[in-house]
Amino acid sequence: RAFLVMSDAPPPTGVPATTTTWEAPEGGEFNQPPSVRFAVLGDAFLDISVGPLDSIPVPGSDVEVELVSQHPGGSALNTAWHLAAQGVEASLFAAVGRDRGGKTLLDALQSESNVKDPSATLAVLKYQPTATCVAMFGQGMDRTFISAPGAAKVATLAQLLPNGMDALDVTHVHIGGFYACPGVHGGLVSLVKKLRDRDIKVSMDPNFDPNGEWRSPAMRHVLRGESAVDLFMPSEVEACEITGRDTAEEALEALVGDDRSTSDAPVKLAVIKRGANGVLAGDCHGRRWSAPACTVSRVVDTNGAGDAFNAGFLRVWAQGGAVDEALRAGCASAAIAAQHTGAVGDWAPTALSVDAQAEAEYGEKQWWQKGILACMAPRKLA
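Residues numbered from 1 in each chain as written. Predicted model: local features only at pLDDT ≥ 70, side-chain atom pairs only at ≥ 80, totals over all residues. Heavy atoms only, no water.

To continue, consider the overall build of the protein. Broken down by element type, the protein carries 13 helices and 13 strands. The buried share of the protein, taken over its 382 residues, is 54%. In the protein, the proportion of contacts linking residues at least 24 apart, taken out of those at least 6 apart, comes to 75%. About 17,600 Å² of surface is accessible on the protein, with carbon and sulfur atoms providing 50% of the total. (Helix = DSSP H or I, 4+ residues; strand = E, 2+ residues; numbered from the N terminus. Buried < 20%, exposed > 50% of the residue type's maximum accessible area, 1.4 Å probe, protein only. Contact = heavy atoms within 4.5 Å. Areas by Shrake-Rupley, 256 points an atom, 1.4 Å probe, with all protein chains shown as cover.)

Now the structure itself:
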């Protein structure tokens, strides 16, 4: 398949820049998108990116690569970073150690991101190191990680939310890195119930379970019953492991469909990320959606692309956009992220850039618009 890089620069005058529209009232003035405020709760990692590699190095060998670099990471941190870059108010509730890694993450959040007041929301644990992950990447191999979860693993909800859930002035809570944060599992059922009682939407990205205990009681509770999240956002591998199904399509039905073995209601909406194969989505009312992946000519680093997808999707969906529009925004956000090294950085795209990418990829265009966008598109990364 031939791929095409789309620029993350704003579109020229006259070219549509967004896929989400808002109707004008009779008075003639356009309504603004609903104001949304996110609390993103979960993991914060210091990522060490190594690559590009063609394969995992042979034990005992010494392999030269182009790049070994250090970046902020972790599913919750990445999602909050991208949400804030796209103009959404987002606070990060995660734990770091009282060490150099923790200072590095805080400095990056304060100087490079738009995340709201991270010094007030990051929990600093005195006797635990900051979570660290070595991420090996390359076009000839699957992403491979070696993680030391440290503070992310042991932090409890009481430590992440010392003022309690009632102190959160938000419209949406996103939980990232579920499996990296077992310390929060004990209080998760109560948290989700209380949030839903306050009409606060709850979404979750589980991430990979390094221990292989995919179907833990905590996971079952957030997928069915009173404590089920509103939106569940696994990868294809994660969805199949959690449900015990062989395909993404079967896993989607297991997540949002009827289960004759229980009367507990499922999650309202599930989105399954499939990398280059795009995304599938479905809700508990039987509606189904899909979107192909955005085309990318040069994949630099896919680490964090799923979290970038989360942010693009959540921004549109939380503001009242349709699911298919949100899927396209998510894919566009992920495509831009895959063209950069590291999961986040000062390159994180704005909403304008994401929507321009989505429009260029998925929108219906006149011949002259296609020509302009084709001229915008090619951009080789150094």
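All right, on to the confidence of the model for the protein then. Averaged over every residue, the pLDDT of the protein is 87; residues scoring 70 or more account for 86%. In this model, residues 1-30 is a region of pLDDT below 50 whose contacts with residues beyond four sequence positions or in other chains number 73 contacts. In this model residues 377-382 is a low-confidence stretch, pLDDT under 50, and it forms 15 contacts with partners more than four residues away in sequence or in other chains. (pLDDT = per-residue confidence, 0-100.)

As a further point, take the sheet that holds strand β7 (residues 144-148). In space, the four strands of this open sheet follow the order β3-β2-β6-β7, with mixed pairing throughout. The two strands at the open ends of the sheet, each matched to only one other strand, are β3 (67-73) and β7. Going from strand to strand, the sheet's axes swing by 20° on average, the running direction of each strand aside. Note: strand β2 (residues 45-51) against strand β6 (residues 131-136), six bridges, orientation parallel. Bridge pairing in β6 places Val50 opposite Met136. (Pairing = 2+ DSSP bridges. Axes fitted to C-alpha atoms, helices over the stretch in contact; angles between N-to-C directions.)

On to the packing of aromatic side chains, then. Going through the model one piece at a time under the given rule, you end up with five aromatic pairs. Ring geometry for Phe178 against Tyr179: centres 5.0 Å apart, planes inclined by 85°, an arrangement best described as edge-to-face. Comparing Phe178 with Tyr179, the two get one shared label, buried. Aromatic pair Tyr179 and Trp214: ring centres 5.3 Å apart, planes at 80°, arrangement edge-to-face. Highlighted residues: Tyr179 in the loop between β8 (172-176) and α6 (185-197) and Trp214 in the loop between β9 (201-205) and α7 (217-223), separated in sequence by 35 residues. Here Tyr179 matches Trp214 in class, with each residue buried. Among the aromatic residues, ring-to-ring pairing joins Phe178, Tyr179, Phe208 and Trp214 into one connected group. (Phe/Tyr/Trp six-rings, centres within 6.5 Å; stacked < 30°, edge-to-face > 60°.)

The next point concerns the pattern of salt bridges. For the coordinates displayed, the defined rule picks out 10 salt bridges. A salt bridge links Arg274 to Glu236, with the nearest nitrogen and oxygen atoms 3.6 Å apart. With Arg274 in the loop between β11 (269-273) and β12 (279-283) and Glu236 in helix α8 (residues 236-243), the pair connects residues that are 38 residues apart, well separated along the chain. (Salt bridge = Lys/Arg side-chain N within 4 Å of Asp/Glu carboxyl O.)

Now for the sheet that holds strand β4 (residues 89-97). Read across the open sheet, the nine strands follow the order β5-β4-β1-β8-β9-β10-β11-β12-β13; overall the sheet is mixed. This sheet does not close on itself; its edge strands, each paired only once, are β5 (123-125) and β13 (288-291).

Our focus in this paragraph is the environment of Phe38. One can find Phe38 in strand β1 (residues 37-42). Counting along the chain gives 277 residues from Phe38 to Arg315, while the straight-line C-alpha distance between them is 9.6 Å. Excluding residues within four positions of it along the chain, Phe38 makes contact with Leu83, Val88, Glu89, Ala90, Ser91, Val170, His172, His174, Leu314 and Ala318.

This next bit is on the pairing of β6. Bridging between β6 and β7 involves five bridges; their strand directions are antiparallel. Its bridge partner being in β7, Val134 is matched across the sheet by Ile146.

Pro52 follows Gly51 through a cis peptide bond whose omega is 0°. With a phi angle near 60°, Asp199 is a residue other than glycine that sits in the positive phi range. In this fold, Asp199 is placed in the loop between α6 and β9. For Asp199, a relative accessible area of 69% translates into the label exposed.

A few words on the environment of Gly257. Its place among the elements puts Gly257 in the loop between α9 (248-256) and β11. Along the sequence, Gly257 and His285 sit 28 residues apart, while their C-alpha atoms lie 8.3 Å from each other.

The relative placement of two packed helices comes down to the angle between their axes together with the axis-to-axis distance. At a closest axis distance of 8 Å, the pairing of helix α1 (residues 75-85) and helix α10 (residues 305-318) adopts a crossing angle of 45°. Comparing their axes, α10 and α1 come out oblique. Where α1 crosses over α10, the handedness of that crossing is right-handed. For the pair α1 and α10, contact is made by Ser75, Asn78, Thr79, His82 and Leu83 and by Asp307, Ala308, Asn310, Ala311, Leu314 and Arg315, respectively. Here the contact of α1 with α10 is composed, by residue class, of four nonpolar, five polar and two charged. (Parallel < 35°, antiparallel > 145°, perpendicular 65-115°, else oblique. Left-handed = near helix turned anticlockwise from the far one by under 90°. Nonpolar A, V, L, I, M, F, W, Y, C, P; charged D, E, K, R; others polar.)

So, about α9. Residues three or four positions apart in an α-helix share a direction because the helix packs 3.6 residues into each turn. Listed in full, the buried residues belonging to α9 are Ala248, Ala251, Leu252, Leu255 and Val256. The arc that holds every buried residue of α9, seen down its axis, measures 110°, which confines them to one face. Next to the buried residues of α9 lie α7, β10 (231-232), α8, β11, β12 and β13. (Arc of directions from axis to C-beta.)

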